[in-house]
Amino acid sequence: MKELVEVLAKALVDHPEEVVVTETQKDNATVIELRVSASDMGKVIGKQGRIAKAIRSLVKAAASKDDRKVIVEIVQ
C-alpha cells in the first residue's frame, strides 16, 4: 500500500523528491502518512478534498483485496 500512495503522490506534485510516505501499524489497522512540500499540499488535497478522497478510495479498494484496514493521513 505504501508504494501505491507514493506513486500516486509523486505523479501529482511538482517536487516528487520531497514526497515521504511512512507506514505504521496501529491496533488492527495500517496507517500510511503522506508528507509533501507545502507548495504541493493543495495539489494532493484538491478542491474540497476530492483528490485526497480519491487516493483514500483507491487505497481502501486495494486493501480490501487483502482484507486489511488502511488509513491514509496527509500531514504537513
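Conventions adopted
Residues numbered from 1 in each chain as written. Predicted model: local features only at pLDDT ≥ 70, side-chain atom pairs only at ≥ 80, totals over all residues. Heavy atoms only, no water. Helix = DSSP H or I, 4+ residues; strand = E, 2+ residues; numbered from the N terminus. Buried < 20%, exposed > 50% of the residue type's maximum accessible area, 1.4 Å probe, protein only. Contact = heavy atoms within 4.5 Å. Lys, Arg positive; Asp, Glu negative; His and termini not counted. Salt bridge = Lys/Arg side-chain N within 4 Å of Asp/Glu carboxyl O. Pairing = 2+ DSSP bridges. Axes fitted to C-alpha atoms, helices over the stretch in contact; angles between N-to-C directions. Core = buried A, V, L, I, M, F, W, Y, C linked by side-chain atoms within 4.5 Å. Expected span 1.5 Å × (residues − 1). Arc of directions from axis to C-beta.

**Some remarks on the overall build of the chain**
At step 1: When its secondary structure is counted, the chain shows 3 helices and 3 strands.
At step 2: In the chain, the order of α-helices and β-strands from amino to carboxyl end is α-β-β-α-α-β.
At step 3: With respect to the three principal axes, the spread of C-alpha positions in the chain is 35 × 20 × 15 Å.
At step 4: Buried residues in the chain amount to 33% of all 76 residues.
At step 5: For the chain, long-range pairs separated by at least 24 residues make up 53% of all intrachain contacts whose partners lie at least 6 apart in sequence.

**Things to note about the side chain of Asp40**
At step 1: When you line up the elements, Asp40 lands in the loop between strand 2 (29-35) and helix 2 (41-45).
At step 2: Buried charge without a salt bridge: Asp40, with Lys43 as the nearest opposite-charge side chain at an N-O distance of 4.2 Å.
At step 3: Sequence-distant contacts of Asp40, defined by excluding residues within four places in its chain, comprise Val13, Asp14 and His15.

**Some remarks on the sheet that holds strand 3 (residues 70-75)**
At step 1: Strands sit in the order 1-2-3 across an open sheet of 3 strands; the sheet is mixed. At either margin of the open sheet sits one strand with a lone partner, and together these are strand 1 (20-26) and strand 3. Direction aside, the axes of adjacent strands within the sheet are offset by 20° on average.
At step 2: Where strand 1 lies against strand 2, 7 bridges are found, and the strand directions are antiparallel. Within strand 2, the position partnered with Val20 by the bridge is Arg35.

**With respect to the nonpolar core**
At step 1: Counting 16 residues, the largest nonpolar core has Val5, Val19, Leu34, Val36 and Val59 as the members making the most contacts within it.
At step 2: When residues of this core are traced back to their parent elements, those giving at least two are helix 1 (2-12), strand 2, helix 2, helix 3 (50-65) and strand 3.
At step 3: Broken down by element, this core gets its largest block of residues, 3 residues, from helix 3.

**Description of helix 3**
At step 1: In this model, helix 3 (16 residues) spans 23 Å end to end at C-alpha, consistent with the 22 Å of a helix rising 1.5 Å per residue.
At step 2: Restricting attention to buried positions, one finds in helix 3 the residues Ala52, Ile55, Val59 and Ala63. All buried residues of helix 3 lie within an arc of 65° about the axis, which places them on one face of the element. Opposite the buried face of helix 3, at more than 90 degrees from it, the exposed residues are Arg50, Lys53, Lys60 and Lys65.
At step 3: Buried residues along helix 3 sit against helix 1, helix 2 and strand 3.

Spatial relationships are all this shows, so hold off on functional conclusions.
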